[in-house]
Amino acid sequence: MKNIKRIGALLLALCMIMSLGACAIKVAPAEPMSSADEAEALGFEKNKAVGKVAVGEYVFLSVKIRDEYKNEVKWSSSAPEIATVDSNGRVDGIKAGEVTITARAMNATLDFSLTVTKAPAVTLSDSTATFGAESAMAELESNKRSESDINLYALLINLSEHTVIAYTYDSDGSYTIPVRKMVCATELSEKLIPKHYYYTGSKDRWYQDDDGLYYQFSTSFSDDFRFSSTPYSKEGAASLITESYNSIGTSCTSGDIWLSVADAKWIYENCNEGTFVRAYDRYSTAIAKPVPLKLNGENAEKGWDPTDPSSKNPYKKLTPTFTGVEDITVSKGANFNPTNGVEAFDTCGNKVSKGIKVEGTVNTARPGKYVITYCYTDNLKRTGRADRTVTVK
């Protein structure tokens, strides 16, 4: 009898449990967090947005995110044929068009709209000359528009600094405004008389001296001296005497003033007959002294002045170059120094020891592709650039 009662109790309990199960509250599954809500939770937002980039150039996009999620950020391009993006948000313009660059952290995304524009026109500098202040150049332009019959320029030779400075006139007609400074080779024989007035005279496109050497863009002053290029072994722009060219910036001539072709040509074309010329042992101006070019004797382009305007000049399209900038793969967590093994050479082929700029970074803690750019601007004001992709695996 007791067993029957125990079984009955168990059956009653089971019925109650089943009844409670039938009445249980059903909980709906959690809805996934929206991208906006997840971005807010991560502290994920745009930090730097750029609207456009030119073909061949690059810009950096950046985002804000909580420190613990920084390595979660991934970048992608909607059209890699228009613009690429590396693992640091660097965007390189490939061809003109519209593109969307997306930054993703887990399921949150941020979109950056960019326009890739045409590449800007590039004109390579062919002169080392330096120029006066903005106000001085404005005064020069005003003088060019005037109807004054006096010469636009006067020339001052600074013998100790090895420079020629061009001055234009002020409101009183005095030549007090420095507008252009050119580095030169000056005389060794001390024939020029300091503070004595000379005046420019005859001009020769090519001038041959008594030793049979030739000079481009020769402008005489007095009967004894000339502004000109450095000497050539024969009449021809490819016969430059390298040793003489490398003497610009020193005292080495017998009285003439040697300049680069670009600067000799400027005097030849811009300084009329009767232009004042004075020499000084020392004279200071606010214009920085140009740095003379040096030709590398092993350079294949030797025999030419890099500033020569001839379309045949092999330097015409050259810029500084780099070695050691090949693409590389490094292991995750490894040390990486972007300057190791990298060397730069100026337009004339000379190795340079400083002045190389490095842009872009590599985070070896996060696998991805990173682009590093190396830039160097030489004394011709020409800039060389090399891009290098570093892949972290």
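Now for a description of the structure that goes with this document.

Reading the values: the criteria
Residues numbered from 1 in each chain as written. Predicted model: local features only at pLDDT ≥ 70, side-chain atom pairs only at ≥ 80, totals over all residues. Heavy atoms only, no water. Buried < 20%, exposed > 50% of the residue type's maximum accessible area, 1.4 Å probe, protein only. Helix = DSSP H or I, 4+ residues; strand = E, 2+ residues; numbered from the N terminus. Pairing = 2+ DSSP bridges. Axes fitted to C-alpha atoms, helices over the stretch in contact; angles between N-to-C directions. Contact = heavy atoms within 4.5 Å. Phe/Tyr/Trp six-rings, centres within 6.5 Å; stacked < 30°, edge-to-face > 60°. Lys NZ or Arg CZ within 6 Å of the ring centre and 35° of its normal. Core = buried A, V, L, I, M, F, W, Y, C linked by side-chain atoms within 4.5 Å. Disulfide = S-S within 2.5 Å. Salt bridge = Lys/Arg side-chain N within 4 Å of Asp/Glu carboxyl O.

**Thoughts on the pairing of strand S26 (residues 368–377)**
Turning to step 1, where the next piece is worked out: Burial of S26 is extensive: eight of the 10 residues sit out of reach of the surface.
Turning to step 2, where the next piece is worked out: Note that strand S25 (residues 357–359) and S26 share three bridges and pair antiparallel. Bridge assignment links lysine 357 to a residue of S26, and that residue is cysteine 375.
Turning to step 3, where the next piece is worked out: Adjacent in sequence and paired antiparallel, S26 and strand S27 (residues 383–392) are bridged by five residues, among which lysine 381 carries a positive phi angle near 65°.

**A look at the sheet that holds strand S5 (residues 73–77)**
Turning to step 1, where the next piece is worked out: Taken together, the four strands give an open sheet; going across it, the order is S2-S9-S8-S5, and neighbouring strands pair in mixed fashion. Edge positions in the sheet fall to strand S2 (52–54) and S5, since each has one partner strand and no second. Going across the sheet, the axis of each strand differs from the next one's by a mean of 30°, ignoring polarity.
Turning to step 2, where the next piece is worked out: Pairing of S2 with strand S9 (residues 108–117) involves three bridges; the strand directions are parallel. Bridging from a neighbouring strand, lysine 52 pairs with threonine 115 of S9.
Turning to step 3, where the next piece is worked out: Its contacts with the sheet place helix H2 (residues 35–42) against strand S8 (97–105) and S9, and it is angled at close to 95° to S9.

**Brief notes about the packing of aromatic side chains**
Turning to step 1, where the next piece is worked out: Evaluated as defined, the whole model comprises 18 aromatic pairs.
Turning to step 2, where the next piece is worked out: When the ring of tyrosine 215 is compared with that of tryptophan 258, the centres are 6.2 Å apart and the planes differ by 40°; the resulting orientation is tilted. Pair noted here: tyrosine 215 is in strand S16 (residues 214–221) and tryptophan 258 is in strand S19 (residues 257–259), with a separation of 43 residues, a long-range link.
Turning to step 3, where the next piece is worked out: Judged by relative accessible area, which is 6%, tyrosine 215 ranks as buried.
Turning to step 4, where the next piece is worked out: By relative accessible area, tryptophan 258 is classed as buried at 11%.
Turning to step 5, where the next piece is worked out: For arginine 90, the ring lying beneath its charged end belongs to tyrosine 58, and the centroid distance is 3.8 Å.

**A closer look at unusual backbone geometry**
Turning to step 1, where the next piece is worked out: Its identity as a non-glycine residue notwithstanding, phenylalanine 217 has a phi of 50°, on the positive side.
Turning to step 2, where the next piece is worked out: Structurally, phenylalanine 217 is set in strand S16.
Turning to step 3, where the next piece is worked out: Residue class for phenylalanine 217 comes out buried when judged on its relative accessible area of 5%.
Turning to step 4, where the next piece is worked out: With phi around 65°, serine 222 is a residue other than glycine that occupies positive phi space.

**Considerations on the nonpolar core**
Turning to step 1, where the next piece is worked out: In terms of nonpolar packing, the biggest core is built from 27 residues, with Ile157, Val164, Leu192, Phe221, Phe227, Ile257 and Ile267 touching the most fellow members.
Turning to step 2, where the next piece is worked out: Within the residue set of this core, elements represented by two or more residues are helix H3 (134–145), strand S11 (154–158), strand S12 (163–169), strand S13 (175–183), strand S17 (225–229), S19, helix H5 (261–270) and strand S20 (276–280).
Turning to step 3, where the next piece is worked out: If you look at the next biggest cluster of nonpolar residues, it comprises 24 residues, including Val73, Ala83, Val91 and Ala103.

**Regarding the pairing of S16**
Turning to step 1, where the next piece is worked out: Among the eight residues that make up S16, eight are buried, leaving the element largely enclosed by the rest of the structure.
Turning to step 2, where the next piece is worked out: Pairing geometry for strand S15 (residues 197–208) and S16, over six bridges, is antiparallel. Each bridged residue has a counterpart across the sheet, and for tyrosine 207 the counterpart in S16 is tyrosine 215.
Turning to step 3, where the next piece is worked out: Between the end of S15 and the start of S16, which pair antiparallel, lie five residues, with glycine 212 showing a positive phi angle near 85°.
Turning to step 4, where the next piece is worked out: Two elements, S16 and S17, share three bridges in a ladder whose sense is antiparallel. The residue bridging threonine 219 from the neighbouring strand is phenylalanine 227, located in S17.
Turning to step 5, where the next piece is worked out: Linking two consecutive strands that pair antiparallel, namely S16 and S17, is a turn of three residues; a positive phi of about 65° is found at serine 222 within it.

**So, the state of the cysteines**
Turning to step 1, where the next piece is worked out: All chains considered together, the criterion is met by zero disulfides.
Turning to step 2, where the next piece is worked out: No disulfide involves cysteine 348; its sulfur sits 17 Å from the nearest other cysteine sulfur, which is in cysteine 252.
Turning to step 3, where the next piece is worked out: Just so you know, cysteine 375 is unpaired, no disulfide at all, and the nearest cysteine sulfur is the one on cysteine 348, 19 Å from it.
Turning to step 4, where the next piece is worked out: We classify cysteine 375 as buried; its relative accessible area is 19%.

**Regarding the environment of methionine 182**
Turning to step 1, where the next piece is worked out: One can find methionine 182 in strand S13.
Turning to step 2, where the next piece is worked out: Note on methionine 182: relative accessible area 0%, which makes it buried.
Turning to step 3, where the next piece is worked out: The spacing of methionine 182 and asparagine 143 is 39 residues in sequence and 21 Å in space, taken between C-alpha atoms.
Turning to step 4, where the next piece is worked out: Those residues in contact with methionine 182 that lie beyond four places of it in its chain are Ala129, His162, Thr163, Val164, Leu259, Asp263, Trp266, Ile267 and Pro290.

**Description of the pattern of salt bridges**
Turning to step 1, where the next piece is worked out: Counting across every chain of the model gives 11 salt bridges.
Turning to step 2, where the next piece is worked out: Residue aspartate 67 is joined to lysine 70 by a salt bridge in which the shortest nitrogen-to-oxygen separation is 3.2 Å.
Turning to step 3, where the next piece is worked out: Where aspartate 387 meets arginine 90, a salt bridge forms, and the shortest distance between an N and an O atom there is 3.4 Å. Of this pair, aspartate 387 sits in strand S27 while arginine 90 sits in strand S7 (residues 90–93), placing them 297 residues apart in sequence.
Turning to step 4, where the next piece is worked out: On the basis of relative accessibility, which here comes to 37%, the residue aspartate 387 falls in the partly exposed class.
Turning to step 5, where the next piece is worked out: Exposure remark for arginine 90: the relative accessible area of 0% places this residue in the buried category.
Turning to step 6, where the next piece is worked out: Residues joined by salt bridges that share partners form a network here, namely Arg90, Asp92, Arg385 and Asp387.

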